[in-house]
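Tertiary structure, described
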Amino acid sequence: WGVGFGNNTFVGVGNSGTIVRSTDNGSSFDNVTSPTSTTLWGVTFGNNTFVGVGESGTIVRSTDNGSSFDNATSPTSNHLWGVRFGNNTFVGVGTSGTIVRSTDNGASFSTVTSPTSTTLWGVGFGNNTFVAVGESGTIVRSTDNGSSFDNATSPTANSLYDVGFGNNTFVAVGTSGTIVRSTDNGASFSTVTSPISTTLWGVGFGNNTFVGVGNSGTIVRSTDNGSSFSTVTSPTSNFLWGVGFSE
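Here's a quick rundown of the structure. (Residues numbered from 1 in each chain as written. Predicted model: local features only at pLDDT ≥ 70, side-chain atom pairs only at ≥ 80, totals over all residues. Heavy atoms only, no water.)

**A look at the pattern of salt bridges**
Side-chain pairs of opposite charge can arise whenever the charged atoms involved come near each other. With the rule as written, the count across this model stands at one salt bridge. With a shortest N-O distance of 3.8 Å, aspartate 162 and arginine 84 are connected by a salt bridge. Taken together, the residues aspartate 162 in strand 17 (residues 160–166) and arginine 84 in strand 9 (residues 80–86) connect sequence positions 78 residues apart. Exposure remark for aspartate 162: the relative accessible area of 13% places this residue in the buried category. (Salt bridge = Lys/Arg side-chain N within 4 Å of Asp/Glu carboxyl O. Helix = DSSP H or I, 4+ residues; strand = E, 2+ residues; numbered from the N terminus. Buried < 20%, exposed > 50% of the residue type's maximum accessible area, 1.4 Å probe, protein only.)

Right, dumping it as structure tokens:
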């Protein structure tokens, strides 16, 4: 369901606690012994630490480049759908507006008061700002390292599943090909004309390019900071849930 990159290593997470890793730029992956059998939905990297989140508030972490993982202390039993790192802080988001954060490299997490009770599906970080997105177009943001969050203006009622950051721009994607962007650090978002109507589940940024992926192998890309997107020929018709980039 999710993939993260750090220290020349890709880590992917999925059903039944599955964890895989690659140290050859994604050419091949090996299984990693997982400390959980619950599904993991998201994974991220920061401060030489991988953190994965999933069902029933499950949180796992690795401090050896993904070679091994241990359970971390979680303050919630709600599903956690996404996690991101910024400014020495991990932030996870989930069901019923749940927000958790860690300032000790993911060893332990605490709950954060949320401005929403709707499910948050994804979270991104950039310019000292965390932005989380979710059901019914919900967007929340934090400018104090995840200590507190406020609602941001959203231009859509469609669910948003992931959010990425690059070149001073946040881009979020969701249901029916919805794409929105913000150039004011997530304070407000505007809609972007989408070249597709299929759901987009993930978005990533690298080399001045945003890439979104979704249902039936759909891939879209933008080379103008998310102002416009075009479709990319895809080698698969399988659903694509996430996308990452390595230098």
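Here the narrative resumes.
**Considerations on the side chain of threonine 44**
For threonine 44, the position within the fold is in strand 5 (residues 40–46). Contacts of threonine 44, omitting those with residues within four sequence positions, involve Thr49, Phe50, Val51, Val83, Arg84, Phe85 and Phe90. (Contact = heavy atoms within 4.5 Å.)

**Examining the side chain of arginine 181**
Along the chain, arginine 181 falls in strand 19 (residues 179–182). At 6.7 Å, aspartate 224 is the nearest oppositely charged side chain to arginine 181, a buried residue that forms no salt bridge. Within polar-contact distance, the side chain of arginine 181 engages the backbone oxygen of glycine 226 at 3.5 Å. Residues contacting arginine 181, with those up to four places away along its chain left out, are Thr169, Phe170, Val171, Ser188, Phe189, Ser190, Val192, Asn225, Gly226 and Ser227. (Lys, Arg positive; Asp, Glu negative; His and termini not counted. Polar contact = N/O pair within 3.5 Å; in protein donor to acceptor, adjacent residues only side chain to side chain.)

**A closer look at the sheet that holds strand 8 (residues 70–71)**
If you trace the four strands from one edge of the open sheet to the other, you get 5-6-7-8, paired in antiparallel fashion. Sheet topology places strand 5 and strand 8 at the edges, where each strand pairs with a single neighbour. Note: strand 5 against strand 6 (residues 49–54), six bridges, orientation antiparallel. Paired with glycine 46 across the two strands is threonine 49, which belongs to strand 6. (Pairing = 2+ DSSP bridges.)

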